[in-house]
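Listed here are the chains, written in short residue letters.
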Amino acid sequence: MRLGQVTRHLGALLLTVFLVSVATFFAMRMVPGDPARLIAGQDVPPEVVEAIRVQWGLDRPLYVQFGKFLQGLPSGSLGTSYRTKSPVWDEVKPRLLPTFLLTVTGMGLSLVFGLGAGLLSAIRRGTWFDTFIAVLSTLGISLPVFWVGILLMMLFAARLRWLPSGGFGDWRYLILPSFTLGLGFFASISRMTRSAVLEVLQDDFIRTAKAKGVPHLRVLFKHALRNALLPIVTISGLEFGRLLGGAVITESVFAWPGMGRLMVDSVKFRDYPTVQACVIVLAASIALSTFFSDLLNLSIDPRLRKG
Amino acid sequence: MAVFLRRFRRHTSGMIGLLLVLAVCAVALAAPWLNRGINPLAVNLAASAQRPSADYPLGTDEMGRDVLMRVVAGAPVSLAVCVVGVLLALIPGIWIGLLAGFRQGRAGTILMRGVDALVAFPRILLAMVIISIAGPGIPQLMLAVGLSSIPIFARVMYVTVQSLRHRDFVQAATALGAKDWWILWRHILPNAVAPILVQASLNIATALQIAAGLSFLGLGPPPPSPEWGALIDAGRTLIRQQPMVIIAPGIAIAITVLGFNLLGDGLRDTLDPRLKG
């Protein structure tokens with residue numbers, strides 16, 4: 001893999017994060033209403049509001065505020081929360097691991113099950129299994145994620161009492177949220193694996209491999225699946241963002257203490273610095289996942305390395 | 001057109017999608033007349049949290065309101081939010097994609113880079129940012145759903161224009177001295193109708209899920225609005241006594257989303273068989 005390609009991807013990543021930060025900064029300043037009043041709360045005399053305005057630097061011109069914001073970015077300083085009056089980063093930091101854990105587990109589960117189901121449906125095309133997976137993936141795309149979460153909770157936590165209904169703890173707490181989150185991704189992965197494998201199976205090199213007498217399973221895994229993997233890796237990188245979006249809702253269903261719930265609470269409270277920080281951190285994770293899926297593609301497909 | 005209709009009629013899942021969409025639209029339009037004289041907002045605490053019965057086919061919620069009536073009354077709200085939202089996104093999205101794709105300058109490239117970054121960003125988060133600026137409510141929800149889908153339409157339009165601008169009929173029109181706006185209007189737009197239509201149908205499905213998700217998170221219209229996501233959120237307290245409060249609006253969302261997804265897939269397969277997945 002060439003160093004130049006990696007640097008180029010890395011440059012694109014940093015640029016995306018920077019642009020998102022700038023865009024959210026200005027979007028948050030477009031909000032009608034007075035931030036100083038929001039920080040001060042209701043029924044506070046105007047002098048206090050004015051003092052807060054000066055103290056928080058909100059009386060300065062926009063470009064000065066923007067300069068200060070940019071200065072803080074490299075050191076990870078994302079401003080001060082309107083709600084807790086403490087640095088936003090202190091709010092965000094403890095939320096990162098839970099969200100990361102949930103998203104990666106959801107993604108891992110759906111990749112394993114989705115690849116397996118897609119591969120099996122392609123081999124057993126037209127059988128009841130194929131139909132079953134097709135129905136399951138259609139449902140996975142159509143059912144609202146929070147609804148599935150509540151129903152799973154109702155069944156496995158409230159009725160059967162096999163799993164905890166919500167909160168953060170050992171691995172058992174992770175099962176329901178990650179299955180809920182992964183359902184949609186499972187649907188798209190299984191569909192895509194199926195069609196990619198079916199397409200590859202018709203290629204000449206598969207026929208050659210079979211003609212050479214390569215064992216059936218080896219043809220499937222070594223030849224077909226590897227070639228079908230390219231679009232799947234690309235989509236996985238892109239879908240990571242959608243999973244993070246889904247995590248926002250899933251976290252609220254299962255009282256999972258992650259970024260999503262922090263963002264929802266901040267939106268409700270109009271805590272703009274925290275909303276802004278959440279957006280920047282989530283955008284950075286999405287850009288990072290695209291970066292890694294690009295690198296992975298480069299290592300899977302030697303043809304891409306020439307570009 | 002006749003060929004398209006004949007092909008679409010043979011597309012089973014597309015037809016199922018169309019029927020589901022028509023059924024949901026019919027319920028939404030007829031909602032004011034379907035209430036059997038019951039006000040879906042009227043509180044009746046004496047009949048609170050009842051299980052399904054002859055009087056209340058799907059039971060009642062914690063305020064004693066008929067769940068079936070609430071779901072029916074929610075149909076026009078939920079449908080309007082996503083349909084109006086997508087319509088709001090269509091024109092700006094089409095224009096951005098059209099201009100960026102046709103005039104291949106630096107500006108177009110930069111514009112599309114921005115669009116790409118937004119497409120990669122989860123729509124629900126984008127919509128949440130818009131709600132945090134605009135505040136809660138039905139028009140705001142429409143705006144959030146609409147603005148957050150502009151990048152997708154811009155992307156689809158851009159790709160379509162890219163694939164058309166080097167085609168012979170466009171080149172011929174340019175050679176004949178046709179003006180840019182004429183080429184766009186006469187040659188590019190008519191050929192872009194199919195992908196946009198497909199995208200619109202699929203997008204309504206996503207928009208509905210996003211709107212319901214936002215309402216579920218408490219960022220949608222304030223109670224007692226019967227928006228489906230809000231109904232599910234409100235029903236969480238009754239999860240043990242009367243699960244129908246949650247199940248019914250969820251099924252309504254699923255049917256509508258499924259309908260628009262199947263319709264979109266059907267349209268894609270029949271309007272542009274090359275894209276068949």
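Residues numbered from 1 in each chain as written. Chains lettered and ligands numbered in written order. Predicted model: local features only at pLDDT ≥ 70, side-chain atom pairs only at ≥ 80, totals over all residues. Heavy atoms only, no water.

### Notes on helix α3 (residues 67–102) of chain B
Spelled out, the test is: A run of H or I in DSSP becomes a helix once it reaches four residues, and a run of E becomes a strand once it reaches two; helices and strands are each numbered from the N terminus. Helix span, as expected, comes to 1.5 Å for every residue beyond the first. Axes are fitted to the seven residues ending at a residue and to the seven starting at it; the angle between these axes is taken as the bend at that residue.
Here α3(B) contains 36 residues, and its C-alpha end-to-end distance of 51 Å stays within 8% of the 52 Å for a straight helix at 1.5 Å per residue. Maximum bend of α3(B): about 30°, positioned at B:Gly74, with proline B:Pro76 one to four residues after it.

### A word on the interface of chain A and chain B
To keep it simple, the criterion reads: Note on contacts: a residue pair qualifies if any of its non-hydrogen atoms lie within 4.5 Å across the two residues. As a working definition, buried area equals the accessible area (1.4 Å probe) given up by two parts on being put together, with both sides summed. A carboxyl oxygen of Asp or Glu within 4 Å of a side-chain nitrogen of Lys or Arg is what we treat as a salt bridge. Any N or O atom pair separated by 3.5 Å or less is treated as a polar contact, with the protein-specific requirement of one donor-capable and one acceptor-capable atom, and with residues adjacent in sequence counted only for side-chain atom pairs. Classification convention: Asp, Glu, Lys, Arg as charged; Ala, Val, Leu, Ile, Met, Phe, Trp, Tyr, Cys, Pro as nonpolar; all other residues, Gly among them, as polar.
With 35 residues of chain A in contact, the opposing surface of chain B contributes 36 residues. Together chain A and chain B conceal approximately 3000 Å² of surface at their shared face, both sides included; 78% is due to carbon and sulfur atoms. In this assembly, chain A and chain B are joined by zero salt bridges. The interface formed by chain A and chain B includes seven residue pairs in polar contact (both at pLDDT 80 or more). Among the secondary structure elements, those contributing two or more residues to the side of chain A that touches chain B are α1 (3–29), α6 (128–142), α7 (145–159), α10 (216–253), α11 (259–269) and α12 (272–300) of chain A. Per-class residue counts for the side of chain A that touches chain B are 25 nonpolar, six polar and four charged.

### Notes on the pattern of salt bridges
Residue and element names in this part refer to chain A. Heads up, the rule is: Each residue is placed in one exposure class: buried if its accessible area under a 1.4 Å probe, protein chains only, is under 20% of its type's maximum, exposed if it is over 50%, and partly exposed if it falls in between.
One pass over the structure, following the stated rule, counts seven salt bridges over all chains. Salt-bridge contacts for Asp130 lead to Arg194; the nearest nitrogen and oxygen are separated by 2.9 Å. Separated by 64 residues along the polypeptide, Asp130 in helix α6 and Arg194 in helix α8 (residues 172–201) bring together distant segments of the chain. On the basis of relative accessible area, Asp130 is assigned to the buried category, the value being 8%. A relative accessible area of 26% means that Arg194 is categorised as partly exposed. Between Asp170 and Arg172 there is a salt bridge, with the nearest N and O atoms lying 3.7 Å from each other.

### A look at the packing of aromatic side chains
Residue and element names in this part refer to chain A. For the record, the criterion: Pairs were defined over the aromatic rings of Phe, Tyr and Trp, the Trp ring being its six-membered one, requiring ring centres within 6.5 Å. Orientation was assigned from the angle between planes: stacked under 30 degrees, edge-to-face over 60, tilted for the rest.
Taken as a whole and assessed by the stated rule, the structure comprises 13 aromatic pairs over all chains. An angle of 40° between the planes, with centres 4.9 Å apart, marks the rings of Phe26 and Phe66 as tilted. Here Phe66 lies in helix α4 (residues 62–72) and Phe26 lies in helix α1, a separation of 40 residues in the sequence. Residue Phe26 is classed as partly exposed on the basis of its relative accessible area, which comes to 35%. With a centroid separation of 6.4 Å and 85° between ring planes, the pair formed by Tyr82 and Tyr272 is classed as edge-to-face. Here Tyr272 lies in helix α12 and Tyr82 lies in the loop between α4 and α5 (88–123), a separation of 190 residues in the sequence. Each member of the pair, Tyr82 as well as Tyr272, carries the same accessibility label: buried. Three or more aromatic residues joined by ring pairs make a cluster, and in this case those are Phe25, Phe26, Phe66 and Phe69.

### Details of the nonpolar core
Side chains of a nonpolar character, in soluble globular proteins, are inclined to be buried together. Applicable threshold: Residues belong to one nonpolar core when they are buried, are Ala, Val, Leu, Ile, Met, Phe, Trp, Tyr or Cys, and are joined through side-chain atoms within 4.5 Å. All the domain ranges listed were derived from an automatic or database domain assignment.
Of all hydrophobic cores here, the largest spans 139 residues; its most connected members are A:Phe146, A:Met263, B:Met128, B:Ile188, B:Leu214 and B:Trp228. For this core, the element with the highest residue contribution is helix α8 (residues 180–216) of chain B, accounting for 17 residues. Looking at which domains feed residues into this core, each of domain 1 (3–72) and domain 2 (96–306) of chain A gives three or more. When sequence neighbours within four positions are dropped, the list of residues in contact with B:Trp228 reads B:Val24, B:Val71, B:Gly74, B:Ala75, B:Ser78, B:Leu208, B:Pro249, B:Ala252, B:Ile253 and B:Thr256. In terms of nonpolar packing, the next biggest core, distinct from the first, is built from 14 residues, A:Val200, A:Val214, A:Leu220 and A:Ala224 among them.

### Description of the domain arrangement of chain A
Residues and elements named next belong to chain A. Taken domain by domain, chain A comprises domain 1 (3–72) and domain 2 (96–306). Relative placement of domain 1 and domain 2: their C-alpha centres are 34 Å apart. Listed by partner, the interface residues are 17 residues for domain 1 and 17 residues for domain 2. Buried area between domain 1 and domain 2, both sides added, is near 1500 Å², and the carbon and sulfur share of it is 77%. Inspection of the domain 1/domain 2 interface yields zero salt bridges. Counting across the domain 1 and domain 2 interface gives zero residue pairs in polar contact (both at pLDDT 80 or more). By residue class, the composition of the side of domain 1 that touches domain 2 is eleven nonpolar, five polar and one charged.

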